[in-house]
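The lines below spell out each chain.
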Amino acid sequence: MANGQANDQLSGQANGQANGQWYPREWPDRIRALTAGTLTPVTPKRAATVMLLKDTRSGPHGGTDAEAGTGPGPAVHMLRRRTSMAFAGGAYAYPGGGVDPRDDDRDIGWAGPTRAWWADRLGVDEAGAQAIVCAAVRETYEEAGVLLAGPTGDSVVGDTTGEDWERDRAALVDRELSFAEFLDRRGLVLRSDLLGAWARWITPEFESRRYDTWFFVAALPQGQRTRNASTEADRTVWITPAQAAAGYDRGELLMMPPTIATLRGLAACGTAAEALASAPGRDMTPVLAEARLVGGEIVLSWPGHDEFTRHVPTSTAQASTTPSDPTGGAPA
């Protein structure tokens, strides 16, 4: 799409910050409670999210194909969470969601690296590895209508937009149908080789909703197309990582730290194939925010990602001096 069109479609609320980092106003109080020992962290739920990629193409007049984003490199499929959502409302993200307890069914059709290989790559046991990979594939189908599966280990389904496909997708969303049952009904095997593990982020301990999330990359299969099939999103877009990151830096696109961090990593890849080829070398050490007392203030940081560091006053009295500053009244 043209730059102007992208800015119109992707504009979001950045809470008055210089960039578009999602920073809820209740965080300072929860951070203070955590450091004071009065807040007990909830256990994070396992989740998976997929960065669907497709290569940009030159249009008939030499420009970039409007459908595939602008600028060099692959475009990534992003959705905007509805502003009414309690968690990260208005923020741009990728298709994804929590693990279904049935995602570790042992009779699932499977192609690609073994469960043992994935267990080592993801840092979990084999049952957990299957559940996480299945969640990545299932959630991508539920939220974007894209299915990384095929009738054989070296094929992938084509168009999935028919009414019968939609009935099955809706049954998956409603949990009336497990992913294993869905694949068996369709005579399909999951193509784990079409995924590349990219990163792992854990929601900060002071958040009331916590997720241990594995991020994957995948190329959009030939013949398939994305659509907004999510009840949690009000719009979707194909955009290059560089363009999305620039929108975030201008404060136009609202994102959580894992989203902008993964976008910056993707921006270095020239094609979808290059991103997939580089995935095995990515560090999968979990990224978890730290809140510590330093010189009379709480410093919130994400190890290895200095751009997200925030300074929070140690008392509500200090915080009230600059109520309009979502970082808690101190410079970031």
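Residues numbered from 1 in each chain as written. Predicted model: local features only at pLDDT ≥ 70, side-chain atom pairs only at ≥ 80, totals over all residues. Heavy atoms only, no water.

## Focus: the sheet that holds strand S5 (residues 110-111)
- Here we have 3 strands laid out as an open sheet, ordered S5-S7-S6, and mixed in their pairing. Two strands lie at the open edges of the sheet, namely S5 and strand S6 (149-150), each paired on one side alone. (Pairing = 2+ DSSP bridges. Helix = DSSP H or I, 4+ residues; strand = E, 2+ residues; numbered from the N terminus.)

## Examining the pattern of salt bridges
- Inspection of every chain in the model, using the stated rule, returns 17 salt bridges.
- Arg169 is the salt-bridge partner of Glu166, the closest N and O atoms lying 2.8 Å from each other. Pair noted here: Glu166 and Arg169 are both in helix H5 (residues 163-173), with a separation of 3 residues, about one helical turn.
- In this structure, the salt-bridge partner of Arg200 is Asp212, at a minimum N-O distance of 2.7 Å. Within this pair, whereas Arg200 is found in strand S8 (residues 196-202), its partner Asp212 is found in strand S9 (residues 211-219), the two being separated by 12 residues in sequence. Assigned by exposure class, Arg200 and Asp212 land together as buried. (Salt bridge = Lys/Arg side-chain N within 4 Å of Asp/Glu carboxyl O. Buried < 20%, exposed > 50% of the residue type's maximum accessible area, 1.4 Å probe, protein only.)

## Description of helix H3 (residues 115-122)
- Of the positions making up H3, those classed as buried are Arg115, Trp118, Ala119, Arg121 and Leu122. Seen along its axis, H3 keeps its buried residues to an arc of 165°; they face one direction.
- Looking at the buried residues of H3, the elements they touch are S5, helix H4 (126-144), S8 and S9.
- In the stretch just after H3, Gly123 is the one whose phi turns positive, near 75°. (Arc of directions from axis to C-beta. Contact = heavy atoms within 4.5 Å.)

## Topic: the nonpolar core
- One finds Met78, Trp198 and Met255 to be the most contacted residues of the largest nonpolar core, which totals 44 residues.
- In terms of nonpolar packing, the next biggest core, distinct from the first, is built from 42 residues, Leu52, Ile108, Val133 and Trp165 among them. (Core = buried A, V, L, I, M, F, W, Y, C linked by side-chain atoms within 4.5 Å.)

## Some thoughts on the confidence of the model for the protein
- Averaged over all residues, the pLDDT of the protein is 82; the fraction at 70 or higher stands at 80%.
- Taking the mean pLDDT of every element in the protein, the minimum, 34, falls on helix H1 (residues 3-10) and the maximum, 98, on S8.
- Here residues 1-17 scores under 50 on pLDDT; set against residues more than four positions off or in separate chains, the count is 44 contacts.
- Residue range residues 317-332 is modelled with pLDDT below 50. Its contacts to residues more than four positions away, or to other chains, number 28 contacts. (pLDDT = per-residue confidence, 0-100.)

## Looking at the sheet that holds strand S12 (residues 290-294)
- Read across the open sheet, the 3 strands follow the order S12-S13-S14; overall the sheet is antiparallel. The open sheet has two edge strands with one neighbour each: S12 and strand S14 (305-313). Strand after strand, the sheet turns through a mean of 25° between neighbouring axes, direction not considered.
- Direction of pairing for S12 relative to strand S13 (residues 297-302): antiparallel, over a ladder of 5 bridges. Residue Ala291 lies in a different strand from S13, and its bridge partner there is Leu300.
- Sheet contacts for helix H2 (residues 27-36): S12, S13 and S14; angle to S13, the most-contacted strand, approximately 100°.
- Helix H8 (residues 257-266) contacts S13 and S14 of the sheet and is inclined by roughly 155° relative to S14. (Axes fitted to C-alpha atoms, helices over the stretch in contact; angles between N-to-C directions.)

## Considering the layout of surface pockets
- A volume near 260 Å³ is recorded for the second largest pocket.
- Along the wall of the second largest pocket there are 15 residues; nearest its centre are Trp201, Arg282, Asp283, Val287 and His305.
- Listed by contribution, the elements that provide at least two residues to the lining of the second largest pocket are S8, H8 and strand S11 (287-288).
- Residue contributions to the lining of the second largest pocket peak at 4 residues, all from S8.
- A breakdown of the residues in the lining of the second largest pocket according to their chemical character gives 8 nonpolar, 4 polar and 3 charged. (1 Å grid on protein atoms, 1.4 Å probe; cavity = no way out; pocket = protein on both sides within 12 Å on 5 of 7 lines; lining within 4 Å. Points joined across faces, edges and corners; volume = space filled by probe spheres on them. Nonpolar A, V, L, I, M, F, W, Y, C, P; charged D, E, K, R; others polar.)

## Section: the packing of H3 against H4
- Contact pair H3 / H4: the axes reach a minimum separation of 8 Å and the direction vectors enclose 85°. Judged by the inter-axis angle, H3 sits roughly perpendicular to H4. Contacts between H3 and H4 pair Arg115, Ala116, Trp118, Ala119 and Leu122 from the former with Glu126, Ala129, Gln130, Ile132 and Val133 from the latter.
- For the contact of H3 with H4, the class distribution of residues is 7 nonpolar, 1 polar and 2 charged. (Parallel < 35°, antiparallel > 145°, perpendicular 65-115°, else oblique.)

## A word on the pairing of S14
- Two elements, S13 and S14, share 5 bridges in a ladder whose sense is antiparallel. Along S14, the bridge assignment pairs Leu300 with Arg310.
- Between S13 and S14, which pair antiparallel in sequence order, lie 2 residues; one of them, Gly304, sits at a positive phi of approximately 85°.

## Focus: unusual backbone geometry
- The phi dihedral of Arg175 falls on the positive side, at around 60°, and the residue is not glycine.
- Summarising the element assignment, Arg175 is placed in the loop between H5 and helix H6 (179-186).
- For Arg175, a relative accessible area of 32% puts it in the partly exposed group.

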